[in-house]
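Analysis of the macromolecular model
One letter stands for each residue in the lines below.
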Amino acid sequence: MNINKRLAMIFLVVFSLLLTVNVALADSPVSTNPSVSAIEDVQYTFDFDDFNYSDADGDDLVKVRIAQINGKGELLRNAGDDGSGDVVQPGDDITKIELENGRFRYTADFNENGANYDSFSFLMFDEADEVSAVTVMNIDVVAVNDGAPTSADNTVGGFEDQEVVFDINDFTFNDVDPEDTLKFVHITNSVDSGTLKLKLGGDTEQIITGAINIGAQLIADGKLVFINDNPLLDENGAPFTSFTFRVNDGTIDSTEEYTMNIDLANVNDRPVVSAIAEQEALENVEFTLTVAGTDVDSDDANLIGASTDSTWLKFEVDSLVLKGTPGKDDLGVQTVNVAIKDEQGAISEQLPFSITVNQGFEIVDDATFKVTVGSTVTNATETAKVAPGDN
């Protein structure tokens, strides 16, 4: 073997070794935990830095190959500012130039958002045609408020002189953001009759006279109530009163103002016995007293006696007339309690009055009366006015 052939063989061996070492030392590109944050309903534009590209050999990125698409939202290449572009499919390559020029873009589905909302997997190719491992790009979509919520006018019903307790469902709530819920009810004008208030626990109450924001949880807990707190007025109606409100999703009030009507159904009120002055009666002489009373219910015009605790003084049937004749055992001062009732059967509270029974007359025989207290008496032949002690 001549010297030239030996040198050629040595050169080939050395070249082969160098090539082997170079191949062994070549590194694939790497993408480290890439993720981006998009805004709901706003197109996101990827750039080179979003892929967290690195290469130990210093090789530049040539392209990104899409391996798998999750299926939510839309990826576009060759994207334009007018919304145009080509929908990306698995296997499509996105060049570095496209990334640098903002032509690779993503849009989430309309009105949708969330952490780790979407993702796609990809491979990266460098100048040496080295390929990265399959890497996942996570896409978070930040929610935005899509507009003011809406509600609706409503009517709640209750009974005269009783509390009306509001429920959270009395306040209709609609919002295009499905994750939004009713956070506050903003009362803009309070009632003009009765009292609207918050019962905050124990004896603590807050009277609502004007604009106020009320947390939805307070309403859900039954803390918002209305009452017509002057029961003697016998007030009811449909509607009896109303207030206006807006709903709030935690960010913004409804644009419109809504009306909450409050209907109060009539409740039969108890009649009231009118005050009775002190009375006097005579033993063995019939006593009569007409009791008076009032009733705020206009349809209860006819009042009648209901009860008395006297042993000798009773109401006549279907009447307000008390009548009776006291005997010897009834002499002295007595307290009598009386009650009346209306046409619907509601009975008043008992009213006490004082009556004094004095000694009257004693029948001696058919024609003789012994009188000890002045009175008009009748015997078999005449009616006469007699004085105490007369026979």
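Below is a summary of the structure that appears in this document. (Residues numbered from 1 in each chain as written. Predicted model: local features only at pLDDT ≥ 70, side-chain atom pairs only at ≥ 80, totals over all residues. Heavy atoms only, no water.)

Attention now moves to the environment of Ser319. Considering the arrangement of structural elements, one finds Ser319 in the loop between β26 (314-315) and β27 (321-324). Between the C-alpha atoms of Ser319 and Thr290, which are 29 residues apart in sequence, the distance is 8.7 Å. The residues touching Ser319, leaving out its near neighbours within four places in the chain, are Ile304 and Gly305. For Ser319, the side chain forms a polar contact with the main-chain nitrogen of Val321, separated by 2.9 Å. (Helix = DSSP H or I, 4+ residues; strand = E, 2+ residues; numbered from the N terminus. Contact = heavy atoms within 4.5 Å. Polar contact = N/O pair within 3.5 Å; in protein donor to acceptor, adjacent residues only side chain to side chain.)

Considering soluble globular proteins, one finds that nonpolar side chains tend to be buried as a cluster. The biggest cluster of nonpolar side chains holds 26 residues, and the ones touching the most others in it are Phe166, Phe171, Leu196, Leu224, Phe226, Phe243 and Ile262. Other than its neighbours up to four places away in sequence, Phe171 contacts Ser151, Phe166, Leu182, Val185, Ile219, Leu224, Phe243, Phe245 and Met260. (Core = buried A, V, L, I, M, F, W, Y, C linked by side-chain atoms within 4.5 Å. Buried < 20%, exposed > 50% of the residue type's maximum accessible area, 1.4 Å probe, protein only.)

The full count for this structure, using the stated rule, is ten salt bridges. Asp93 is the salt-bridge partner of Lys63, the closest N and O atoms lying 3.4 Å from each other. In this pair, Lys63 is assigned in strand β5 (residues 61-69) and Asp93 in strand β8 (residues 93-95), connecting sequence segments 30 residues apart. The partly exposed category is assigned to Lys63, whose relative accessible area is 22%. Here Glu205 and Lys197 are joined by a salt bridge, their closest N and O atoms 3.4 Å apart. One salt-bridge network, held together by shared partners, links Asp60, Lys96 and Glu100. (Salt bridge = Lys/Arg side-chain N within 4 Å of Asp/Glu carboxyl O.)

Our next topic: the sheet that holds strand β20 (residues 258-265). Ordered by their spatial adjacency, five strands build an open sheet running β12-β20-β19-β14-β17, and the pairing between neighbours is mixed. The outermost strands of the open sheet, each flanked by one partner alone, are β12 (154-159) and β17 (212-215). Across this sheet, the average inter-strand angle for adjacent strands is 35°, counted without regard to direction. Two elements, strand β19 (residues 237-248) and β20, share six bridges in a ladder whose sense is antiparallel. Among the inter-strand pairings, Ser242 is bridged to a residue of β20, identified as Asn261. (Pairing = 2+ DSSP bridges. Axes fitted to C-alpha atoms, helices over the stretch in contact; angles between N-to-C directions.)

Turning our attention to a nonpolar patch on the surface. Side chains of Ile39, Val42 and Val142 sit close together on the surface and give an oily, nonpolar patch of about 230 Å² of accessible area. Inspection of the secondary structure puts Ile39 in strand β2 (residues 35-39). (Patch = residues over 30% accessible without salt bridge, like charges linked within 9 Å, V, L, I, M, F, W, Y side chains within 5 Å. Areas by Shrake-Rupley, 256 points an atom, 1.4 Å probe, with all protein chains shown as cover.)

Here we take up the sheet that holds strand β10 (residues 114-126). Strand order in the open sheet formed by five strands is β2-β11-β10-β5-β8, with mixed pairing between adjacent strands. What marks the edges here is a single partner per strand, and that holds for β2 and β8. Averaged over all pairs of adjacent strands, the angle between strand axes in this sheet comes to 35°, irrespective of strand direction. Sheet topology places β5 next to β10; seven bridges connect them, and they run antiparallel. Residue Lys63 lies in a different strand from β10, and its bridge partner there is Phe125.

This part covers the packing of aromatic side chains. By the definition in use, this model includes 15 aromatic pairs. With a centroid separation of 5.8 Å and an interplanar angle of 80°, the aromatic rings of Phe46 and Phe120 are classed as edge-to-face. Of this pair, Phe46 sits in the loop between β3 (44-45) and β4 (53-54) while Phe120 sits in strand β10; the two residues are 74 residues apart in sequence, bridging distant segments of the chain. Each member of the pair, Phe46 together with Phe120, is buried. Centre to centre, the rings of Phe48 and Tyr53 are 5.9 Å apart; their planes meet at 55°, and the pair counts as tilted. The aromatic ring of Phe125 is capped on one face by Lys63, whose charged end is 4.9 Å from the ring centroid. (Phe/Tyr/Trp six-rings, centres within 6.5 Å; stacked < 30°, edge-to-face > 60°. Lys NZ or Arg CZ within 6 Å of the ring centre and 35° of its normal.)

What follows deals with unusual backbone geometry. With omega at -5°, the peptide bond leading from Ala238 into Pro239 counts as cis. In this structure, Pro239 sits in strand β19. We note that Asp161 has phi near 70°; this positive angle belongs to a residue other than glycine. Relative to the elements of secondary structure, Asp161 occurs in the loop between β12 and β13 (164-165). Residue classification places Asp161 among the partly exposed residues on the basis of a relative accessible area of 22%. Even without being glycine, Asp318 reaches a positive phi, approximately 50°. Along the chain, Asp318 falls in the loop between β26 and β27. According to the relative accessible area criterion, Asp318 is exposed, its value standing at 63%.

This paragraph deals with the pairing of strand β23 (residues 287-290). What you see with β23 is a clean split: Phe287 and Leu289 sit on the buried side and Thr288 and Thr290 on the side with no burial. Pairing analysis gives four bridges linking β23 to β27, with the strands arranged antiparallel. For Thr290, the partnering residue across the bridge sits in β27 and is Val321.

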